2 protein chains.
Amino acid sequence: MNFQTVFVIFPNLTQLDFTGPLQVLHRLPGSTTHIAARSRDPVPSDCGLWLLPTTTFAQCPQADLLCVPGGFGVSAAMADEETLQFVRRQAEGARYVTSVCTGAFVLGAAGLLSGKRATTHWAYRHLLEKVGAVRSDARVVRDGNVFTGGGVTAGIDFAFTIAAEIAGLDIAQSIQLAIEYDPSPPFSAGSQSSAPETVRSRVEGIYARRAAEFSAELDTVLLR
Amino acid sequence: MNFQTVFVIFPNLTQLDFTGPLQVLHRLPGSTTHIAARSRDPVPSDCGLWLLPTTTFAQCPQADLLCVPGGFGVSAAMADEETLQFVRRQAEGARYVTSVCTGAFVLGAAGLLSGKRATTHWAYRHLLEKVGAVRSDARVVRDGNVFTGGGVTAGIDFAFTIAAEIAGLDIAQSIQLAIEYDPSPPFSAGSQSSAPETVRSRVEGIYARRAAEFSAELDTVLLR
């Protein structure tokens, strides 16, 4: 297999949206990983950690798998024509076009989710229809060659789904054992239905304000 | 709260050992995250991704929480006196001394696991007694102020355990909802007991060879 995996990174991405899938997909036999950004300059993530791209949009080879992570930086990324052009151009030749978390809106702004079932971070799912997508509340969604994952940690489940699709169940399970992916959260608050009421209402409140801002930003991008 | 979280990074770390806990612990209210290495030069991870330290061993402030990730680079890290001295010095003043995956052996080589119950990546657990630790097969282990996590993705469960300890259940659950940590692996092969026999025997074989090499490296470090 000679398989090119391309991650798109941009300032203020949620780093685990990217680093989770990276840990899984980098181990696919015969694959090469590219981390593409506008330039080779270090890219700041949301966690104080800066990441080094391995290539630029101009120099990146054609992806077999294109993956766009999310984060607060999606607002700027989806408003950036150079980023959208890179994503559109890569998506044309890619076998798999994918996103994690709010990276779905970069795909959406590039016109790649039209008529597709898709998911994103729970707080932003109601905005998927703005980019022509059909909202799903599943953690990982496949529609044709488009795979989308939910918020942040959903990227790991997303990556194993993709790994099995690309390299087969046996390889995907081998990676799962190697990175001991046998999750055991010490408490249960990872979804709106499982979180205690006080936690849910506070976190929903914070994200509702952010989603309203994001909705306006999305309108601006889509009206251009 | 004015809380200093210090991650130690070194060449060829398994990046998710670090980036998983980083995503959780960076959100603790009132905390500051430091990513410390020997120098400010970019540090290569196991995935083709290079990470930028935010500080050096010489300049890093005293940690409240010290966290050492693992990976193949642990062999060189535990053989490096400068790294061990940093870890020992920081551990003296830290409220929490922690590791993920084979980062446990950096703590162990620094003499910090003596008599402590601890865990590490499943393939290396039998070596914990070499550093004086009492082996546990749990995913996350606490003994006094020492918290250890199992292999790679166990770092996320580890981080939520620590987050609840430091900031309380309500904050930890809020972070869990924010990063949608409601894991749903598409198949079940993340532990030796759940992996299919063919997967388990192949992956165990690969790691047995690596663990034998690592055991010899550990002997060399401990005999110095």
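Refer to the structure above for everything that follows.
Just so you know, these numbers come straight off a predicted model, no measurement behind them.

Rules behind the numbers
- Per-chain numbering applies: the sequence of each chain, read as written, is numbered from 1 onward.
- Just so you know, chain letters begin at A and ligand numbers begin at 1, following the order they were written in.
- It should be noted that, the model being predicted, local features are given only for residues of pLDDT at least 70 and side-chain atom pairs only at 80 or more, the latter also being counted only at that level, while totals for whole chains, interfaces and linings use all residues.
- Remark: hydrogens and water are excluded; side-chain values derive from all non-hydrogen atoms of the structure.
- Angles run from 0 to 180 degrees between N-to-C directions of axes, and those axes are lines fitted to C-alpha atoms, restricted for helices to the stretch in contact.
- In this description a helix means any DSSP run of H or I spanning at least four residues, a strand means any run of E spanning at least two, and both kinds are numbered starting from the N terminus.
- For this classification, under 35 degrees means roughly parallel, over 145 means roughly antiparallel, 65 to 115 means roughly perpendicular, and everything else is oblique.
- Left-handed is the label given to a crossing in which the near helix is rotated counterclockwise from the far helix by less than a right angle, and right-handed is the label when the rotation is clockwise.
- Contact between two residues is taken to exist if any of their heavy atoms lie within 4.5 Å; hydrogens are not considered.
- Between the rings of Phe, Tyr and Trp (Trp by its six-membered ring), a pair exists once the centres lie within 6.5 Å; its type follows the angle of the planes, with under 30 degrees stacked, over 60 edge-to-face, and the other angles tilted.
- Burial classification: accessible surface area is computed with a 1.4 Å probe over protein chains only, and a residue below 20% of its type maximum counts as buried, one above 50% as exposed, and the rest as partly exposed.
- Throughout this description, the term salt bridge denotes a Lys or Arg side-chain nitrogen within 4 Å of a carboxyl oxygen of Asp or Glu.
- Each copy is superposed on the other by least squares, with the fit set by C-alpha atoms of residues at a pLDDT of at least 70 in both.
- We define a nonpolar core as any set of buried Ala, Val, Leu, Ile, Met, Phe, Trp, Tyr and Cys residues linked to one another through side-chain atoms lying within 4.5 Å.
- For a helix, the expected span equals 1.5 Å multiplied by the number of residues minus one.
- Directions pointing from the helix axis toward each C-beta atom define the arc.
- Cavity: a set of points on a 1 Å grid over the protein atoms alone where a 1.4 Å probe fits but cannot get out. Pocket: an open set with protein on both sides within 12 Å along at least five of seven lines, its lining residues, like those of a cavity, having an atom within 4 Å of a point.
- Grid points are joined across faces, edges and corners, and a volume is the space filled by probe spheres set on the points.
- Put simply, Ala, Val, Leu, Ile, Met, Phe, Trp, Tyr, Cys and Pro go in the nonpolar bin, Asp, Glu, Lys and Arg in the charged bin, and everything else, Gly too, in the polar bin.

**Q** Could you give me a rundown of the packing of helix α1 (residues 15–25) of chain A against helix α1 (residues 15–25) of chain B, with the residues and numbers involved?
**A** Where α1 of chain A meets α1 of chain B, the closest approach of the two axes is 10 Å, and the angle between their N-to-C directions is 155°. By the angle class used here, α1 of chain A and α1 of chain B are roughly antiparallel. For the element pair α1 of chain A and α1 of chain B, the recorded crossing hand is left-handed. Contacts between α1 of chain A and α1 of chain B involve Gln15, Leu16, Thr19, Gly20, Leu22 and Gln23 of chain A on the former and, on the latter, Gln15, Leu16, Thr19, Gly20, Leu22 and Gln23 of chain B.

**Q** Can you explain the packing of aromatic side chains? Please cite residues and give values.
**A** Residues and elements named next belong to chain A. Counted under the stated rule, the structure contains 18 aromatic pairs over all chains. For the ring pair Tyr124 and Phe214, a centre distance of 5.5 Å and an interplane angle of 80° mean the geometry is edge-to-face. Of this pair, Tyr124 sits in the loop between β8 (117–118) and β9 (134–135) while Phe214 is found in helix α7 (residues 197–223), placing the two residues 90 residues apart along the sequence. We classify Tyr124 as buried; its relative accessible area is 4%. Here a set of aromatic residues connected by ring pairs shows up, and it is made of Phe105, Trp122, Tyr124, Tyr207 and Phe214.

**Q** Describe the pattern of salt bridges, listing the residues and the values that go with them.
**A** Scanning the model with the defined rule gives 32 salt bridges over all chains in all. A salt bridge links Glu180 of chain A to Arg125 of chain B, with the nearest nitrogen and oxygen atoms 2.7 Å apart. With Glu180 of chain A in the loop between α6 (169–178) and α7 and Arg125 of chain B in the loop between β8 (117–118) and β9 (134–135), the pair connects residues from two separate chains. Assessed through its relative accessible area of 6%, Glu180 of chain A is described here as buried. On the basis of relative accessibility, which here comes to 7%, the residue Arg125 of chain B falls in the buried class. Of the charged contacts in the structure, one is a salt bridge between Arg210 of chain A and Glu213 of chain A, with a shortest N-O distance of 2.9 Å. Placement of both Arg210 of chain A and Glu213 of chain A in helix α7 is noted, with a separation of 3 residues, approximately one turn of the helix.

**Q** Account for the relation of the copies chain A and chain B, with residues named and values stated.
**A** Here chain A sits on chain B after a turn of 180° about the axis and a move of 0.0 Å along it, with an RMSD of 0.0 Å. Seen this way, the second copy is the image of the first under a two-fold rotation axis. Among all residues of chain A, the one whose C-alpha sits closest to the rotation axis is Leu51 of chain A, at a distance of 2.6 Å. The share of interface residues of chain A whose copies in chain B are also at the interface is 100%, consistent with both copies meeting through the same surface.

**Q** Residue-level account of the nonpolar core, with values.
**A** Judged by nonpolar contacts, the single largest core of 160 residues is most densely connected at Phe18, Met78 and Phe105 of chain A together with Phe18, Met78 and Phe105 of chain B. Not counting chain neighbours up to four residues away, the residues in contact with Phe105 of chain A comprise Val74, Met78, Thr120, Tyr124, Leu127, Leu128, Val131, Phe214 and Leu218 of chain A.

**Q** Requested: an account of helix α3 (residues 81–93) of chain B, with residues and values cited.
**A** Residues and elements named next belong to chain B. Under the 1.5 Å per step criterion, the end-to-end length of α3 is 19 Å for 13 residues, consistent within 8% with the ideal 18 Å. Residues of α3 that are buried: Thr83, Leu84, Phe86, Val87, Gln90 and Ala91. Down the axis of α3, the buried side of the element spans an arc of 160°, and every buried residue falls inside it. Packed against the buried residues of α3 are β1 (3–8), β2 (31–37), β6 (65–68), α2 (74–78), β7 (96–100) and α4 (104–109).

**Q** Could you give me a rundown of unusual backbone geometry, with the residues and numbers involved?
**A** Even without a glycine there, the phi angle at Val152 of chain A is positive, about 45°. The topology assignment puts Val152 of chain A in the loop between β11 (146–149) and α5 (154–167). Located in the positive-phi region is Glu180 of chain B, a residue other than glycine, with phi close to 50°.

**Q** Explain empty space enclosed by the protein residue by residue, including any values.
**A** Residues and elements named next belong to chain B. Inspection of every chain in the model, using the stated rule, returns 1 cavity of 30 Å³ or more. If you add up the space inside the largest cavity, you get close to 160 Å³. Taken together, 14 residues line the largest cavity, and the ones lying closest to its centre are Thr14, Gly71, Phe72, Tyr124 and Tyr207. Here the lining of the largest cavity takes 3 residues from helix α7 (residues 197–223), the largest share from any one element. Looking at the lining of the largest cavity, its residues break down into 7 nonpolar, 4 polar and 3 charged.

Any functional reading would require information that these geometric values do not contain.
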